[in-house]
Amino acid sequence: GDSVTQMEGPVTLSEEAFLTINCTYTATGYPSLFWYVQYPGEGLQLLLKATKADDKGSNKGFEATYRKETTSFHLEKGSVQVSDSAVYFCALRTGANNLFFGTGTRLTVIP
Amino acid sequence: GAGVSQSPSNKVTEKGKDVELRCDPISGHTALYWYRQSLGQGLEFLIYFQGNSAPDKSGLPSDRFSAERTGGSVSTLTIQRTQQEDSAVYLCASSLGGRNTEAFFGQGTRLTVV
């Protein structure tokens, strides 16, 4: 069935370091792909999305490219800040409109 | 309303009791999702509604769990004969139809079974 496999955490980085969180997916058809973020004490919110192959989603300095050939949607940021500390979830939306999430990756950025 | 509303925000119940969790989606959103988030864990899919019907209820952990949606709006998740392992945060999300649309989440109901 459709599923998302996400890099296990937790991840701890120093401020201004480069971030990559890996996400791969299994899906029939052509899913849409999302990254959601959950800041401490807050609800989940959309960070970025990509709806077709080779699309790049971007927001707040984060980027992810929909790679159909490798079934991946890795999240990257060139220079993380303390305020980026959160849990990040990769998700896919199937043709049947269901929405599946990965297990989440906790990122801690230290000054 | 302005966003997805869930009630109650916190619920403490005794083992063996039944509980009902409510979700008010954003007006006009046809898709509604329930998830469970246990401490330190990811989002476990429970059930998905499109309108009032549930095309996918494969994530419900046991027959103690059920959900319904009426009028294409409010949804209720019911857990019968609660067990301690049911303790978690139950999250609801809604979206417009279409696979490209964003899902909006409520703040969740934190359920504690003692």
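Relevant structure appears above.
All of the points below concern the structure found in this document. All values derive from a computational prediction rather than experimental measurement.

Overview of the overall build of chain B
(1) Moving on: If you tally the helices and strands in chain B, you get zero helices and eleven strands.
(2) Moving on: Mapped from its N terminus to its C terminus, chain B presents α and β elements in the order β-β-β-β-β-β-β-β-β-β-β.
(3) Moving on: Taking 2.2 N^0.38 as the reference for a compact globule, 114 residues should give roughly 13 Å; the C-alpha atoms of chain B span a radius of gyration of 13 Å, in line with that estimate.
(4) Moving on: Counting only C-alpha atoms, chain B reaches 40 × 25 × 25 Å along its principal axes.

Overview of the side chain of His29 of chain B
Residue and element names in this part refer to chain B.
(1) Moving on: Along the chain, His29 turns up in the loop between strand S3 (19-24) and strand S4 (31-37).
(2) Moving on: Take His29: its relative accessible area is 8%, and that puts it in the buried class.
(3) Moving on: Within the structure, His29 has its side chain in polar contact with the side chain of Ser94 (distance 2.8 Å).
(4) Moving on: Reaching out from His29, the side chain makes a polar contact with the backbone nitrogen of Ser95 at a distance of 3.3 Å.
(5) Moving on: Aside from chain neighbours lying at most four places away, what touches His29 is Arg69, Gly72, Ser94, Ser95, Leu96 and Phe104.

About the cut-offs
Residues numbered from 1 in each chain as written. Chains lettered and ligands numbered in written order. Predicted model: local features only at pLDDT ≥ 70, side-chain atom pairs only at ≥ 80, totals over all residues. Heavy atoms only, no water. Helix = DSSP H or I, 4+ residues; strand = E, 2+ residues; numbered from the N terminus. Rg over C-alpha atoms; globule rule 2.2 N^0.38 Å. Buried < 20%, exposed > 50% of the residue type's maximum accessible area, 1.4 Å probe, protein only. Polar contact = N/O pair within 3.5 Å; in protein donor to acceptor, adjacent residues only side chain to side chain. Contact = heavy atoms within 4.5 Å.

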